[in-house]
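What follows is the residue order along each chain.
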Amino acid sequence: KARLLVVGFGREQVGQLAALLPNFELDLQPGPLLPAMLEGAAVVVMAVPALAALDAGGAGALARFVARGGGLLVSGDGAKQVAPDQLAQGAREVLPVRLVAEAREKPPDPKLEETPGIAEVAKVSVCYVLDRSASMDAPIGTTQTTRWQVAVKGVSESLKQLSIDARAAVMTFTLAQQWEAKPQVFLPVHREQMGKKLAAKTGDNEYAELGFNTDIYAAVKAALTELRNEPSAVKMLIVMTDGADRPANARDGRLLSALREEAVAASINVVAIGIGDAFVGEGPDALSARRCIQDLATKPEFAYMPGDAADALNAHTIFVSSVETAFKAYDDKQKREEEERRRRLEEQIRQQQEPPRVDTAPGVFPVTLPSAGQTLTAALPDPAPRLGWYARNLPRADAAVALGVADERLPGAAVFALRGYGLGRTAFWAAGVSSDALAELAGWQGLPALMAQAVRWLQPREMPELRLVADASPEGIRLLDVSPEAEYLLRRAGGDQTLQRRNDWLSGDAPLAEGFASVIERIGQEERTVGDVFLAPRPAAGATEPEPAVFDNAQPPRPAATQLLDESGPLLALLALLLMLLPLERVVRRRS
């Protein structure tokens, strides 16, 4: 049986939950959810109060768990005891719905303070930008150690500080830039390969005006562009060079100080390291080189220029301490968010204003079964069963409603909503599992099938590597983080097809066949599934998008990202027959 991590339910609720999910093993955790519990879990089932008990760090860990491919099912049990503001930002944004607060005097309900953003799959992203001009091969002082060897050691040592919670990228540059690795998770085998790759990297002797062969502005600009959309909470850029920027950049108005302002605006930290004799002395060249480092660093303490040979030999420790600073910045960010949330609640208490709770609507509410729910279970009986109460909510625009509710006060509210978040999936069951809430729904024979199908959909087939597929069509498949050492295959039921790699594009000798397939990455004898894709042709040039469909209140819009299947009368009749003839486990399958 598949194991579900169950958090924050009482004894009676656990019994009801076990009856609804008889084909699953429930791993009960009566206390709060701790980040360590998420290790190895596939699907987490928790009530709203347990979600509200998470601080900013715990909510962030849960959001990253889902964003990396995990599943989350939140039940409305105890929702009326929770104020929406008590939910940390990470807990709110991962839900497929927005919980509606009680209306005190007049509608509309208070808006939740929520900053939209991309799903964070990592705590920290670090990008190394390394000068690989021929002058980096110069020895330091009277030693045999070169400046480039110090840079390679700095990258290798600091990569060891990065776990699954971090991503890294490496760029080398002279007049042009070369990505040695786009942003990705560095496993131990990748770290070792990167160290060997950098150690073997040679500089070039292509020079521009006045003998300069380093374009620092262009390299940092390209790195900032890459980091801006990184799905991480804290982003850091580490630059090492042994000289100043080419003068043509300053003459053309391409100033390093402007890049620093751009990095600050994008919340990207820049650490600048100057190594070598070019930074020593009071001549115009030395002053220009030092100004280059000072203009790049986003904080004065992020500018480093080792003054003597001993300091230069130890410059690799700057890389390590910079990564440690990035992780500390993440912890400080979580602490500030938690303190701000507490401050708001304390301010409300001082003003003797009790925070508005989640509005639970008690009454008699017939449920509806939109097409997303019809793909998970058989049709509703006539008349439709009625709920005792549910936590009022508004489904997000990218959520699919599997079970709706006929409530005139809140058109479009969901009893059961599903949503994709990052690489994972989430669901919200607004009615809870108590008998008084389920009411007539508890006697509906299709409820266990609906719950089991949904939980199967939440389960990852496997915990995926953090490989991101950007495009898939018969012309080719584009990955955002191709591994240069890997061989790529396209796997279907009929066998494997070798893919040729051209930069970040994977293609075949002929157009790839349309339909479902899996992209396999193989390094040596080890292989892993990068991701499942559906190869579909791109729209023809000049094609127009179809008119948007109009839905009534019982069937809110369901984007393609989370729509399960289109409704089909004959197919539903066949599924209903299969449900009666076969054990439930035979027909429950997770959609790839």
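Model, not experiment: these values are computed from the prediction.

What tends to happen in soluble globular proteins is that the nonpolar side chains get buried as a cluster. By size, the foremost hydrophobic cluster in this structure holds 84 residues, and its most contacted members are M46, F416 and W429. Element by element, the count of residues in this core is highest for helix α15 (residues 446-458), at eight residues. With residues up to four places along the chain from it excluded, the contact list for F416 reads L73, A400, V401, A402, L403, A427, F428, W429, L450, M451 and A454. Counting residues in each nonpolar core, the second largest holds 64 residues, with M236, I268, A272 and I275 among its members.

Here we take up the environment of F9. Mapped onto the elements, F9 comes out in the loop between β1 (2-7) and α1 (11-20). When its relative accessible area of 11% is taken as the criterion, F9 is described as buried. In the structure, F9 is positioned 22 residues away from G31 in sequence and 9.3 Å away in space, judged by C-alpha atoms. If sequence neighbours within four positions are ignored, F9 has contacts with V14, L17, V45, M46, A47, S75, D77 and V433.

It is worth spelling out the sheet that holds strand β6 (residues 122-131) at this point. Reading across the sheet, the six strands line up as β8-β7-β6-β9-β10-β11 and stay open at both edges, with mixed pairing between neighbours. Each edge of the sheet is formed by a strand with only one pairing partner; in this case those strands are β8 (177-184) and β11 (303-304). Here β6 pairs with strand β9 (residues 232-241) via eight bridges, running parallel. Counted as the bridge partner of V124 is V234 from β9. Lying on the sheet, helix α6 (residues 188-199) is in contact with β6, β7 (166-173) and β8; it crosses β8 at an angle near 170°. Sitting on the sheet, helix α7 (residues 216-228) touches β6, β7, β8, β9 and β10 (268-274), and the angle it makes with β9 is about 165°.

Before going further, it helps to spend a moment on the packing of helix α5 (residues 147-159) against α6. For the pair α5 and α6, interaxial distance at closest approach is 10 Å and the crossing angle is 175°. Relative to α6, the element α5 is oriented roughly antiparallel. Every residue of α6 that contacts α5 at W148, V152, V155, S156 and L159 is listed here: R191, M194, G195, L198 and A199. Of the residues that constitute the contact of α5 with α6, the class distribution is seven nonpolar, two polar and one charged.

Here we come to the side chain of S133. Its place among the elements puts S133 in the loop between β6 and α5. On the basis of relative accessibility, which here comes to 1%, the residue S133 falls in the buried class. In contact with S133, other than residues within four places in its own chain, are F173, T174, G203, N213, T214 and D242.

The method is simple in principle: a probe with the dimensions of a water molecule rolls over the atoms, and the space it marks as empty is what remains. Within this structure, the stated rule accounts for three cavities of 30 Å³ or more. Of the pockets and cavities examined, the largest cavity occupies roughly 70 Å³. Taken together, E180, A181, Q184, F186, H190, Q193, M194, S483, P484 and E485 form the lining of the largest cavity. Put simply, the parts of the chain that give the lining of the largest cavity at least two residues each are β8 and α6. Considered class by class, the residues forming the lining of the largest cavity number four nonpolar, four polar and two charged.

Here α7 is 13 residues long and its end C-alpha atoms lie 18 Å apart, about the 18 Å a rise of 1.5 Å per residue gives. Residues of α7 that are buried: I216, Y217, A219, V220, A223, L224 and L227. Seen from one end, α7 has its buried residues packed into an arc of 165°, which puts them on one side.

Before going further, it helps to spend a moment on the packing of aromatic side chains. Throughout the structure, instances matching the rule amount to four aromatic pairs. With a centroid separation of 5.4 Å and 90° between ring planes, the pair formed by F365 and Y390 is classed as edge-to-face. Here F365, found in strand β12 (residues 360-368), pairs with Y390, found in strand β13 (residues 386-391); they are 25 residues apart in sequence, far enough to count as distant. By relative accessible area, which is 6% here, F365 ends up buried. Aromatic side chains F416 and W429 sit 5.0 Å apart centroid to centroid with 90° between the ring planes, which places their arrangement in the edge-to-face category. In this pair, F416 sits in strand β16 (residues 414-421) while W429 sits in strand β17 (residues 424-429), placing the two residues 13 residues apart along the sequence. When its relative accessible area of 1% is taken as the criterion, F416 is described as buried.

Calculation criteria
- Residues numbered from 1 in each chain as written.
- Predicted model: local features only at pLDDT ≥ 70, side-chain atom pairs only at ≥ 80, totals over all residues.
- Heavy atoms only, no water.
- Core = buried A, V, L, I, M, F, W, Y, C linked by side-chain atoms within 4.5 Å.
- Buried < 20%, exposed > 50% of the residue type's maximum accessible area, 1.4 Å probe, protein only.
- Helix = DSSP H or I, 4+ residues; strand = E, 2+ residues; numbered from the N terminus.
- Contact = heavy atoms within 4.5 Å.
- Pairing = 2+ DSSP bridges.
- Axes fitted to C-alpha atoms, helices over the stretch in contact; angles between N-to-C directions.
- Parallel < 35°, antiparallel > 145°, perpendicular 65-115°, else oblique.
- Nonpolar A, V, L, I, M, F, W, Y, C, P; charged D, E, K, R; others polar.
- 1 Å grid on protein atoms, 1.4 Å probe; cavity = no way out; pocket = protein on both sides within 12 Å on 5 of 7 lines; lining within 4 Å.
- Points joined across faces, edges and corners; volume = space filled by probe spheres on them.
- Expected span 1.5 Å × (residues − 1).
- Arc of directions from axis to C-beta.
- Phe/Tyr/Trp six-rings, centres within 6.5 Å; stacked < 30°, edge-to-face > 60°.

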